[in-house]
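Examining the three-dimensional arrangement
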Amino acid sequence: MAVFRLRPSWLAFVVPCAVLLGREQLPLAAAQAPGSAAEHPARYPFDPVCPWGRLSDGHGLLLRCLERTEAQALSAAAPGAIAAPAAIAPAPPSAVPDATRSAAATPGDGTAQALSGRNPALPAPTPARSTKVYRKVSVKEVGPAQADTGELPEAQAQLRKVADRYAQCVGSNGGLEGEQGKVTLRFLVRERGRAEGVSVKERHGVSLAAAKCVAEVVDRRYVGYPVAPIVGATLSIEFMPEGAAR
């Protein structure tokens, strides 16, 4: 029985052809494989834990998964965002849970801190200019200072002496937005009887720069001797347009 043998010249022709044929068949086999990326292009890449995306803390740690409404809102707000397909259209307001609607209507911690001035690193949101801004401002009321322990009866009279400087702070740093404004300060009082470490706790109707200016005026000012070696206190200063009735 004769044995068929391939000569080396035939092998040099047959092997490259087989390799080329195999490469042509690979994409077709991958496209026809069940569950492949070609069959379900929208599923790759796919996150099985958080299908609508993840919310992290900026250090690689997962805080929670995003809800569908949150993901759609972020997609709509992103520059050049593509409109969401009809299959994932936003649910009507009646279908959204009350907890989700209340959370969306509540400002975040960063916004609350920026509004109060507790975190100067966060830029405060630009206020709506629908209200009138008054450049000439006067002080409506100063104090009294509320001590955490005991009382500071001398504080109100002492802090009223520089009321014109408070008004100047507001007038030169954006003015008063609306008919009234208020700055609430926190400070410590030691045995020397002076306000120390004055910071802005809350503010309404005035800019953050104006509130900080008011805090600097109060800082190191005599407010009376406390009943303890160190006492915390809160002071509120109210503003109004110059010439308005008290």
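Residues numbered from 1 in each chain as written. Predicted model: local features only at pLDDT ≥ 70, side-chain atom pairs only at ≥ 80, totals over all residues. Heavy atoms only, no water.

1. Overview of the overall build of the chain
- Along the backbone of the chain there are seven helices and nine strands.
- For the chain, buried positions account for 25% of its 246 residues.
- Put simply, 68% of the contacts in the chain that link residues at least 6 apart link residues at least 24 apart. (Helix = DSSP H or I, 4+ residues; strand = E, 2+ residues; numbered from the N terminus. Buried < 20%, exposed > 50% of the residue type's maximum accessible area, 1.4 Å probe, protein only. Contact = heavy atoms within 4.5 Å.)

2. Topic: the packing of helix α6 (residues 163-171) against helix α7 (residues 208-218)
- Two elements in contact, α6 and α7, have axes whose closest approach is 8 Å; the angle formed by their N-to-C orientations is 155°. Relative to α7, the element α6 lies roughly antiparallel. Judged by the twist between their axes, the crossing of α6 over α7 is right-handed. Packed against α6, whose contacting residues are Arg165, Tyr166, Cys169 and Val170, the element α7 presents Ala210, Cys213, Val214, Val217 and Val218 at the interface.
- Class assignment for the residues of the contact of α6 with α7 results in eight nonpolar, no polar and one charged. (Axes fitted to C-alpha atoms, helices over the stretch in contact; angles between N-to-C directions. Parallel < 35°, antiparallel > 145°, perpendicular 65-115°, else oblique. Left-handed = near helix turned anticlockwise from the far one by under 90°. Nonpolar A, V, L, I, M, F, W, Y, C, P; charged D, E, K, R; others polar.)

3. Considering the pattern of salt bridges
- With the rule as written, the count across this model stands at four salt bridges.
- With its nearest N and O atoms 3.1 Å apart, the salt bridge here joins Arg160 to Glu141. Of this pair, Arg160 sits in helix α5 (residues 155-160) while Glu141 is found in strand β4 (residues 137-142), placing the two residues 19 residues apart along the sequence.
- Accessibility expressed as a relative area gives 44% for Arg160, which makes it partly exposed.
- Taking the shortest distance from any N to any O, the salt bridge between Glu196 and Arg192 comes out at 3.6 Å.
- Several salt bridges share partner residues, and in doing so they unite Arg190, Arg192 and Glu196 into one network. (Salt bridge = Lys/Arg side-chain N within 4 Å of Asp/Glu carboxyl O.)

4. Focus: the packing of aromatic side chains
- Enumeration over the complete set of coordinates arrives at one aromatic pair.
- Both rings, one in Tyr222 and one in Tyr225, keep their centres 5.6 Å apart while their planes meet at 70°; by these two values the pair is edge-to-face. (Phe/Tyr/Trp six-rings, centres within 6.5 Å; stacked < 30°, edge-to-face > 60°.)

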